[in-house]
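# An overview of the molecular structure
Next come the chains, spelled out residue by residue.
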Amino acid sequence: MNFLKLIRYQNLLMLALMQLLFRYGFLKLQNIPLALSDWQYGLLVLATVSIAAGGYIINAILDVATDSDNKPDAVIIGKSISETKGYNLYIGCTFIGVFIGFYLSNIIDKPSFASLFILIAATLYFYATRLKQSLLIGNLIVALLLSLSLLIVGIFDLYPVTFDENRPVMGLLFGILLDYAIFAFLLNFIREIVKDLEDVKGDSKQSMQTLPIVFGVKRTTKLVFGLSIIPIICVLYYLNYYLFQSGLILSTIYGVVFILAPLIYFTLKILPASQTKDFHHLSAVLKWVLFFGILSIVVISLNIKNHA
């Protein structure tokens, strides 16, 4: 159980579910060829999850001092799991992910794609060792890596079987993946800043240069308020232009109730927030919005199928 807590298994399950939903709740419902078989796609999910697990482990190893101030009950390295064992687990998880990525890249005759897994693993390492303490850079990297976990579905499952004859259809599907990746990036970027607000006391003791420490809590909450308006505008546009005007009423209602309404709630609550518990709650709200946002691809796909 301590190992599962160390690798943040809830986040890994969400990551795996996200990739599975896009494959089996979206791409599989389209009349298109896919590059990977089911078991090969399972390996792709395992590779992504393994590298992410390695990232969580190295981050936990190097964050013991900060976590001891912010979340002392959640510290595992040095208590339940030794630092040496932690490093061994990090190396093991990262190796598994990179090795599977190398294997899959050769399966689809794109050996250069293996560098993508190496790049992600290296970025997670440098994030934990150096970049996390840099102003906004760490937030951007975490958000980008989550987005990349969506794009990697298209890179490995669509791109290898894209030819001149099906390029328009494949381009449209990849564009939808890109839209969701951008949405995931926006939400996760905002959530990372909110998590910095939540951990401001412990981060300050460790002399970290997060946004709340440099600009102050109040100014940062105002910035988050402004940033939160961007996904609201995007969701409103998509709900109206792509769903409501297309007669997909069920999908529109779903989007309003499970995505738009919580986003508006978050925006209204972020300005008066000042306590750690407030920011923890708002971080959880964004996490649920992200989950229901990803789940919407299945709702929309089934709604289109039944509407046709």
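Preceding this paragraph is the structure being described.
In this report, the structure presented in the accompanying data block is examined. (Residues numbered from 1 in each chain as written. Predicted model: local features only at pLDDT ≥ 70, side-chain atom pairs only at ≥ 80, totals over all residues. Heavy atoms only, no water.)

## Quick look at the packing of helix H8 (residues 167-198) against helix H11 (residues 217-243)
Two numbers describe how H8 lies on H11: the axes approach to 10 Å, and their chain directions differ by 160°. Looking at the two axes, H8 sits roughly antiparallel to H11. The chirality of how H8 crosses H11 is left-handed. Seen from H8, the contacting residues are Asp179, Phe183, Leu186, Leu187, Phe189, Ile190, Ile193, Val194 and Leu197; seen from H11, they are Val217, Thr220, Thr221, Val224, Leu227, Ser228, Ile230, Pro231, Val235 and Tyr238. (Axes fitted to C-alpha atoms, helices over the stretch in contact; angles between N-to-C directions. Helix = DSSP H or I, 4+ residues; strand = E, 2+ residues; numbered from the N terminus. Parallel < 35°, antiparallel > 145°, perpendicular 65-115°, else oblique. Left-handed = near helix turned anticlockwise from the far one by under 90°. Contact = heavy atoms within 4.5 Å.)

## Some thoughts on the packing of aromatic side chains
Each aromatic ring pair is specified by the distance between its two centres and by the angle formed by the two planes. Taken as a whole and assessed by the stated rule, the structure comprises 20 aromatic pairs. On the basis of an interplanar angle of 80° and a centroid distance of 5.1 Å, the ring pair of phenylalanine 22 and tyrosine 180 is categorised as edge-to-face. Taken together, the positions of phenylalanine 22 in helix H2 (residues 9-24) and tyrosine 180 in helix H8 put the pair 158 residues apart, joining distant regions of the chain. Seen from their ring centres, phenylalanine 258 and phenylalanine 292 are 4.9 Å apart, and the 35° between their planes marks the pair as tilted. In this pair, phenylalanine 258 sits in helix H12 (residues 249-270) while phenylalanine 292 sits in helix H13 (residues 276-307), placing the two residues 34 residues apart along the sequence. Ring pairs connect the aromatic residues Tyr254, Phe258, Trp288, Phe291 and Phe292, which therefore count as one cluster. (Phe/Tyr/Trp six-rings, centres within 6.5 Å; stacked < 30°, edge-to-face > 60°.)

## Quick look at the nonpolar core
Core analysis: the largest hydrophobic core is formed by 94 residues, its most contacted members being Phe22, Phe156 and Phe266. Of the residues forming this core, the biggest block, 15 residues, is contributed by H8. (Core = buried A, V, L, I, M, F, W, Y, C linked by side-chain atoms within 4.5 Å. Buried < 20%, exposed > 50% of the residue type's maximum accessible area, 1.4 Å probe, protein only.)

## A look at the pattern of salt bridges
Should the charged atoms of two oppositely charged side chains come close, the side chains can pair. All chains considered together, the criterion is met by five salt bridges. Of the charged contacts, one joins aspartate 157 and arginine 23 as a salt bridge, the two residues approaching to 2.8 Å between their closest N and O atoms. Here aspartate 157, found in helix H7 (residues 137-157), pairs with arginine 23, found in helix H2; they are 134 residues apart in sequence, far enough to count as distant. Here the two residues aspartate 157 and arginine 23 agree in accessibility, since each one is buried. One network of salt bridges, with partners in common, ties together Arg23, Lys28, Asp38 and Asp157. (Salt bridge = Lys/Arg side-chain N within 4 Å of Asp/Glu carboxyl O.)

## Points about the environment of tyrosine 238
Relative to the helices and strands, tyrosine 238 is located in helix H11. Relative accessible area serves as the criterion here: at 32%, tyrosine 238 is assigned to the partly exposed category. Spatially, the C-alpha atom of tyrosine 238 lies 9.3 Å from that of glycine 255, the residues being 17 residues apart in sequence. Discounting chain neighbours no more than four positions away, the residues touching tyrosine 238 are Asp179 and Leu243.

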